[in-house]
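Notes for the structure review
Listed below, chain by chain, are the residues.
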Amino acid sequence: MRIYTLSGIDSTKYMNRFLQRIGEAPVVFNEDQTERSRKDILNGLMVQGYLASDVKVDKIIKKKKLKAVYHLYPGKSYQVKSLRCDIEDAVIRGILQKDSAESLLHAGMIFNSNTLDGERSRINTKLQDMGYYQFNKEYITFIADTVKGTYQVDLTMRIKNPARSSHHAVFKLGNINLVSSQASSRNLSLIPKDSVSYNGLNIFYDQNLYFRPSILSDNVKLESGDLYSLSKVQQTYDNFNRM
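Since the structure is predicted, the reported quantities are computational estimates derived from the model, not experimental observations.

1. What about the sheet that holds strand β7 (residues 176-180)?
In spatial order, the strands read β7-β9-β8; together these 3 strands make up an open sheet with mixed pairing. In the strand order of this sheet, the two ends are held by β7 and β8 (194-198), each with one partner. Taking the axes of each pair of neighbouring strands and ignoring which way they run, one obtains an average angle of 20° across the sheet. Note: β7 against strand β9 (residues 201-205), 5 bridges, orientation parallel. Bridge pairing links Val 179 to Phe 204 in β9.

In structure tokens form, the structure reads like this:
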């Protein structure tokens with residue numbers, strides 16, 4: 001039995017990184033680089049669910065040239081036999097149970113690290129659109145326990161609480177301030193003193209306000225008292241970038 005823990009850093013495209021180097025000009029042979037390439041290919045196979053795969057390298061020398069030939073032995077891909085969730089926050093547990101039809105994970109699927117990372121991203125986006133401003137993918141980990149003598153995996157998704165807390169905090173928006181200035185809005189001492197309020201939006205500006213408050217307000221998709229939403233924040237940024 002082998003146990004794999006997947007967490008933190010997103011799955012990298014090991015195979016793609018190796019293939020991008022194919023076709024480059026010949027270089028002086030480097031044993032360490034050859035071994036790194038072998039490991040990249042091996043990791044790429046494992047990401048795709050070939051957990052028992054192997055990669056070997058033959059070095060063929062002819063005259064003063066050396067050719068490295070990589071032999072891939074992927075074997076059989078592993079499948080997810082069972083899927084369980086271990087979610088410490090009861091509220092988030094309920095949210096994801098209601099949302100289970102949208103999950104990318106299910107029993108019988110090919111065990112694929114890219115799919116696991118896609119599920120982490122999906123959950124992260126959903127929760128950040130529901131007020132979980134401080135939630136991030138680092139809280140989501142997977143434990144893959146291979147079943148001895150088979151090509152099957154018992155998969156557990158864990159979502160932990162923040163340190164020294166029994167739950168993840170939900171955030172609501174306070175005042176919505178828009179700063180139109182050459183200065184950095186992150187430096188409070190440089191925020192312009194001229195201001196106008198319109199439709200719940202506080203607009204700070206230098207001397208002249210070049211857009212009507214109604215136009216600025218229409219492009220802000222955030223309202224005081226609403227739950228924090230990453231998608232609405234991004235939509236607001238996109239609206240102003242197009243102006």
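Here the narrative resumes, following the displayed structure.
2. Some points on the packing of aromatic side chains
Any aromatic ring pair is given by two values, namely how distant the centres are and how the planes are angled relative to each other. One pass over the structure, following the stated rule, counts 4 aromatic pairs. Taking 5.2 Å as the distance between ring centres and 65° as the angle between the ring planes, the aromatic pair formed by Tyr 78 and Tyr 151 counts as edge-to-face. One end of the pair, Tyr 78, is in the loop between β3 (65-73) and β4 (79-87); the other, Tyr 151, is in the loop between β5 (140-146) and β6 (152-159), with 73 residues separating them in the sequence. Ring geometry for Tyr 133 versus Phe 171: centroids 5.7 Å apart, planes at 70°, classification edge-to-face. Remark: Phe 171 occurs in the loop between β6 and β7 and Tyr 133 occurs in the loop between α4 (113-128) and β5; sequence separation between them is 38 residues. The exposure class of Phe 171 is partly exposed, given its relative accessible area of 29%. Put simply, the rings of Tyr 133, Phe 171 and Tyr 228 pair up and form one aromatic cluster.

3. Considerations on unusual backbone geometry
At Arg 164, a position not held by glycine, the phi torsion is positive, near 60°. Its location among the elements puts Arg 164 in the loop between β6 and β7. Backbone geometry places Asn 199, a non-glycine residue, at a positive phi of 55°. Looking at the element boundaries, Asn 199 is found in the loop between β8 and β9.

4. Some remarks on the pattern of salt bridges
Close approach of charged atoms allows side chains of opposite charge to pair. In total, this model carries 9 salt bridges according to the counting rule given. Through salt bridges that share partners, Asp 99, Glu 119, Arg 122 and Lys 126 make up one connected network.

5. Notes on a positive patch on the surface
Taken together, Lys 62, Lys 63, Lys 65 and Lys 67 make up a surface patch of like positive charges. Structurally, Lys 63 can be placed in the loop between β2 (54-62) and β3.

6. Things to note about the environment of Ser 217
As for its position among the elements, Ser 217 is in helix α5 (residues 213-218). Classification of Ser 217 by relative accessible area gives buried; the value is 10%. In the structure, Ser 217 is positioned 15 residues away from Asn 202 in sequence and 9.5 Å away in space, judged by C-alpha atoms. Apart from residues lying up to four places away in sequence, Ser 217 is in contact with Tyr 198, Asn 199 and Leu 201.

About the thresholds
Residues numbered from 1 in each chain as written. Predicted model: local features only at pLDDT ≥ 70, side-chain atom pairs only at ≥ 80, totals over all residues. Heavy atoms only, no water. Pairing = 2+ DSSP bridges. Helix = DSSP H or I, 4+ residues; strand = E, 2+ residues; numbered from the N terminus. Axes fitted to C-alpha atoms, helices over the stretch in contact; angles between N-to-C directions. Phe/Tyr/Trp six-rings, centres within 6.5 Å; stacked < 30°, edge-to-face > 60°. Buried < 20%, exposed > 50% of the residue type's maximum accessible area, 1.4 Å probe, protein only. Salt bridge = Lys/Arg side-chain N within 4 Å of Asp/Glu carboxyl O. Patch = residues over 30% accessible without salt bridge, like charges linked within 9 Å, V, L, I, M, F, W, Y side chains within 5 Å. Areas by Shrake-Rupley, 256 points an atom, 1.4 Å probe, with all protein chains shown as cover. Lys, Arg positive; Asp, Glu negative; His and termini not counted. Charge placed at Lys NZ, Arg CZ, Asp CG, Glu CD. Contact = heavy atoms within 4.5 Å.

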